[in-house]
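Listed below are the residues making up each chain.
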Number of protein chains: 2
Amino acid sequence: MVLPSAAGTEPRKITINDVAKSAGVSRQTVSRALNDKDEIDSDTKQRVLDAARALGYRPSRFARGLVRQDTMTIGLVIPDLLNPFFTEVAAAALEAARTRGWQVVVYDTGDRAEEELGTLQVISSQVDAVIGYFSCPEGELEKFTRGMPVVLIGREQRTRFSAIRIDGAAGVHAAVAHLVAQGHTRIGMLDHHTRAEPSVRHEWFTTAAAAHGIEAGMVVGADQTADGGGAALRTLLGEHPDVTAVFTFNDIIAIGALREARRLGRNVPRDLAVIGFDGLQLGALVEPPLTSVALDTRQLGALAIEQVARLLSGGEALAADDLVVRGELRLSGSA
Amino acid sequence: MVLPSAAGTEPRKITINDVAKSAGVSRQTVSRALNDKDEIDSDTKQRVLDAARALGYRPSRFARGLVRQDTMTIGLVIPDLLNPFFTEVAAAALEAARTRGWQVVVYDTGDRAEEELGTLQVISSQVDAVIGYFSCPEGELEKFTRGMPVVLIGREQRTRFSAIRIDGAAGVHAAVAHLVAQGHTRIGMLDHHTRAEPSVRHEWFTTAAAAHGIEAGMVVGADQTADGGGAALRTLLGEHPDVTAVFTFNDIIAIGALREARRLGRNVPRDLAVIGFDGLQLGALVEPPLTSVALDTRQLGALAIEQVARLLSGGEALAADDLVVRGELRLSGSA
DNA sequence: AGCGCTCCCGTGAGCGCTCACGGGACTGCC
DNA sequence: GGCAGTCCCGTGAGCGCTCACGGGAGCGCT
C-alpha cells in the first residue's frame, strides 16, 4: 500500500477536486466513477479510479451525508461494555435499529459520571438521538443534548426526558417470597456500591422484606464485578454469619458470590441461596445455574429504538406507562 | 442486503435559517446561541433557544462536521456482540480510540457473510476507517471500501489489507504438550462448524498433535454457543468414549462442554480435561476455572487502532510481523 | 443540411453549517 | 466633537459533495 507520505508539510485534505484535476476531468465525472453511475466511459472511469487511489483520496462522509441525508445514527451510551447485561441490551438495540436501516454508535463511559459528560459533548454533534444509561444530573444532560431526542434507561426519577423504567418491584417481591417459602429468614443483600444513595433495587428489596416481616438490614455494597461480588459476600458473612440467602444487585455480583460461596465451603443452594438480578444468559452457564429476577433485554432495546423513532418523527411518543420493562423471577438452581 | 431505507419521515427538515427567521435574527446569531458562543445578548439567546425548541430544530451533524472536520469515526465490525470475546476486543478498541478522541461505531453481522456486505455498504459512507472480522471474499471487501483504510482481524490468508494475525500455534502446542504430560493420549477437539473449511485453530491442533505423536482425528463441529459446545461434546463422547481431553475452538464452546461434562457425570479435570481458546475473563467464573490458550484482547484492540491511525495519517504502516497477537497457554482448573 | 438520438462530460446551484470579517450602536474619556 | 473600546449582530464565503441541467460530439436517417 503506497500512500503519499506528507513529509513535514501539512497533509492537506485531498478533495474530489484534486482527483478531478489529476485525472483531467470534472468533479462530476469523478463522482460518477466512484459511485458506479452510468453516464461515464469505462476508460475514463478507470483513469479516475487510478488517480483517486494514487492520491489516497477518501470521500468526505460529511459532505456526502449533507447532500443526501438519508442516514440516521443513534448513540448508545452504556456504563460498561464488559458487563454482559449491557451488551445484551446493545445487541437488542442494534438489531432493532437494523430493521430500520439505522446505525448505532456505542459509547462506554466506564460507569463514571465525568465520562458521561465528555461522551455527551462529543456525541451531540455525531448522532441524531441518544439512548443510554446516565447517572449525571438532568440539567447537565439537557445542556448537552439540546433539541436531540433522548431516551434514558433505568432512570427512576421523574424526568423531562423519555425514560424506560425498569420495574423490579414485583419480581423482587416474588424472589423474597420464594426465599421465605423455602424457610429463609436471614436474607442479606449485595448492593451496588459506587452510587452514594442506596439503589432502587435495594428499596425493592427492603419493601419486599418488610412485606414478609423479615429484617432487611444486612446489606453490603459491592463492586460491579464478579470479584466485587465475592468480596462483598465474604464481608456480609463475616458480619452476619447466620445469613442463609442473598439477593444481589445484579447477576455479575451474584456469580461472584456463587464462586465465593464455593470457596468458603458453602453449598449453594443448600447452605446459601443466591438470587441475582438481570437474568443474563450467562447465568445459565455457571454452577448451579443462577436464579434471577430476569429482564427482557430484547424488549428493552426494542422499546428504546421504538421511542427514538417516535421522537424523531415528531409523532406521539410512547407514554411512561408503556415504557416499562418488568423483572420476572426466573427460578433455577441457586435458590 | 440492508440498504439505508428512507429514515427520516419528516416532511421538511428544519434548518438554522428557519430558526433565524422565526427568532428574527441571522443564522450566525442562532449559531452563537446554540453553541454557547460569546458575542450574544442573553435575552436574544433565550429567544433563539425558545424558537429552536418550538420548531423542534435539530442541527445537522453533517453540515457541522463538514465545516469543522475534526472528528474521526472508526467502524468496528464484529460477528457477534453476545460473544464475550468480541466485546472484550470492542472494549479494548473503544478505549484505545478514546485516547485519540475518536469515535467507534459498532456493527454486528450475526456471523453471516451476506450481512457483512450489507454492513459494509452502509458503513462505507459513515466512517473513516474499518476494523473488523470478515469472512467474505477479499474482492467484495475491496469493492465496498474503496480508498478507506481497513484493518482485518484474524484473517489468515495473505491479503492486500492490513490484517492482525492471531497466532495460536505455539499456544496450542503448549496446550497439547500439557495434556500429553498429564498422561492424555485420546484428545478430541470441538471445532467451529459454520465455516466450510476446517478452522486454522484446528490445523494448529492437528500439527501439535502430530508433533506429540498422537491421533487428532476426533473432531466434532460445534455451534458457537455454550449449548453448541455441550451438544458437540455429547456427540464426541458418543463417537469416541475413550476421549479423556478436549481442546475447543473457543472458550464459549469450552464452557458449554464443561457444563455438559458435569451433566454426564464426568468430573473435570479428573475424567475429562478441557482446554479452551481466547482466554475470556468469563473463564474464571465457571467451575472449574477454564484453562485456555489466552489472547490479549486489549493488545488486539490497541494494535488495530494503532494501525488505523498509521494508515489514516498516510505514514508508514505496521508490518505484518508486528501485527500479531499470540495465544498463550494459561493454566487453570479445567486441565 | 437538418434533425433526432445516444453517449459522454461539465457547470451552476445548493445541502446546513461555522468562520472571518465588517459594521452599527452605545459607552466613557479626553 | 473625536476617538477608542465594548457589545452585539449580520454578511459573504466556503467546507466537499451530489443533483439537475445543459451541451458538445458523433452517429444514422430523411
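The shown structure was predicted, so the numbers you read here are calculated from the model rather than taken from an experiment. (Residues numbered from 1 in each chain as written. Chains lettered and ligands numbered in written order. Predicted model: local features only at pLDDT ≥ 70, side-chain atom pairs only at ≥ 80, totals over all residues. Heavy atoms only, no water.)

This brings us to the interface of chain A and chain B. For an interface, size is often stated in terms of accessible area lost upon the parts coming together. With 65 residues of chain A in contact, the opposing surface of chain B contributes 66 residues. In total, about 5,600 Å² of surface goes out of reach between chain A and chain B, with carbon and sulfur atoms giving 56% of it. At the junction of chain A with chain B, the criterion picks out six salt bridges. Arg61 of chain A is paired through a salt bridge with Asp128 of chain B; the nearest N and O atoms lie 2.9 Å apart. Our count for the chain A to chain B interface comes out at 12 residue pairs in polar contact (both at pLDDT 80 or more). Only helix H3 (42–55), helix H4 (61–67), helix H5 (84–98), strand S2 (103–108), helix H6 (113–123), helix H7 (138–144), helix H11 (251–263) and helix H12 (297–313) of chain A provide two or more residues apiece to the side of chain A that touches chain B. Class assignment of the residues belonging to the side of chain A that touches chain B gives a composition of 30 nonpolar, 15 polar and 20 charged. (Contact = heavy atoms within 4.5 Å. Buried area = accessible area lost by both parts, 1.4 Å probe. Salt bridge = Lys/Arg side-chain N within 4 Å of Asp/Glu carboxyl O. Polar contact = N/O pair within 3.5 Å; in protein donor to acceptor, adjacent residues only side chain to side chain. Helix = DSSP H or I, 4+ residues; strand = E, 2+ residues; numbered from the N terminus. Nonpolar A, V, L, I, M, F, W, Y, C, P; charged D, E, K, R; others polar.)

Turning to the protein's contact with DNA strand C, a few remarks are in order. Close to DNA strand C lie 28 residues, the nearest being Arg27, Thr29 and Thr44 of chain A together with Ile16 and Tyr57 of chain B. Each atom of DNA strand C within 4 Å of the protein was classed as base or backbone; sugar and phosphate made up 62%. Interatomic distance of 2.7 Å between a side-chain N/O atom of Lys37 of chain B and a phosphate oxygen of DNA strand C. Elements with a minimum of two residues in the surface near DNA strand C: helix H2 (27–34) and H4 of chain A together with helix H2 (27–34) and helix H4 (61–67) of chain B. (Near = heavy atom within 4 Å.)

Screw-axis analysis of chain A against chain B gives a translation of 0.1 Å along the axis, an RMSD of 0.2 Å, and a rotation angle of 180°. The relationship between the two copies is best expressed as a two-fold rotation axis. (Least-squares fit on C-alpha atoms with pLDDT ≥ 70 in both.)

So, on to the sheet that holds strand S8 (residues 245–248) of chain B. Residue and element names in this part refer to chain B. With respect to topology, six strands assemble into an open sheet ordered S7-S6-S8-S9-S10-S12, the strand pairing being mixed. Two strands lie at the open edges of the sheet, namely strand S7 (219–222) and strand S12 (328–330), each paired on one side alone. Pairwise comparison of adjacent strand axes, ignoring direction, gives a mean angle of 20° for this sheet. The sheet contact formed by strand S6 (residues 187–192) and S7 spans four bridges and is parallel. Residue pairing in the sheet places Met189 in a bridge with Val219 of S7. Lying over the sheet, helix H8 (residues 169–181) contacts S6, S8, strand S9 (273–278), strand S10 (291–294) and S12, oriented at roughly 170° with respect to S9. (Pairing = 2+ DSSP bridges. Axes fitted to C-alpha atoms, helices over the stretch in contact; angles between N-to-C directions.)

In the region of DNA strand D, 28 residues are neighbours, and Ile16 and Tyr57 of chain A together with Thr29, Glu39 and Thr44 of chain B sit closest. Side-chain polar atom of Lys37 of chain A to a phosphate oxygen of DNA strand D: 2.7 Å apart, as the coordinates give it. One of the backbone N or O atoms of Ser60 of chain A is found 3.1 Å from a phosphate oxygen in DNA strand D. Here the residues of the surface near DNA strand D are counted per class, giving 10 nonpolar, 11 polar and seven charged.

Taken as a whole and assessed by the stated rule, the structure comprises 10 aromatic pairs over all chains. Consider the rings of Phe205 of chain B and Phe247 of chain B, whose centres lie 5.8 Å apart with planes at 20°: the pair is stacked. Remark: Phe247 of chain B occurs in strand S8 and Phe205 of chain B occurs in helix H9 (residues 200–211); sequence separation between them is 42 residues. One exposure class covers both Phe205 of chain B and Phe247 of chain B, and it is buried. Members of the aromatic cluster, each reached through a chain of ring pairs, are Trp204, Phe205, Phe247 and Phe277 of chain A. The residue whose ring lies beneath Arg201 of chain B is Phe249 of chain B, and the NZ or CZ to ring-centre distance is 4.5 Å. (Phe/Tyr/Trp six-rings, centres within 6.5 Å; stacked < 30°, edge-to-face > 60°. Buried < 20%, exposed > 50% of the residue type's maximum accessible area, 1.4 Å probe, protein only. Lys NZ or Arg CZ within 6 Å of the ring centre and 35° of its normal.)

Residue and element names in this part refer to chain B. Direction vectors running N to C along helix H5 (residues 84–99) and helix H12 (residues 297–313) enclose 50°, while the axes themselves pass 7 Å from each other. As judged from the angle between their axes, H5 and H12 are oblique. H5 and H12 meet at a crossing whose hand is right-handed. Of the residues in H12, those touching H5 at Phe85, Glu88, Val89, Ala92, Ala93, Glu95, Ala96 and Ala97 are Thr297, Arg298, Leu300, Gly301, Ala302 and Ile305. Residue composition of the contact of H5 with H12, grouped by class: nine nonpolar, two polar and three charged. (Parallel < 35°, antiparallel > 145°, perpendicular 65-115°, else oblique. Left-handed = near helix turned anticlockwise from the far one by under 90°.)

Treat this as a map of the structure, not an account of what it does.
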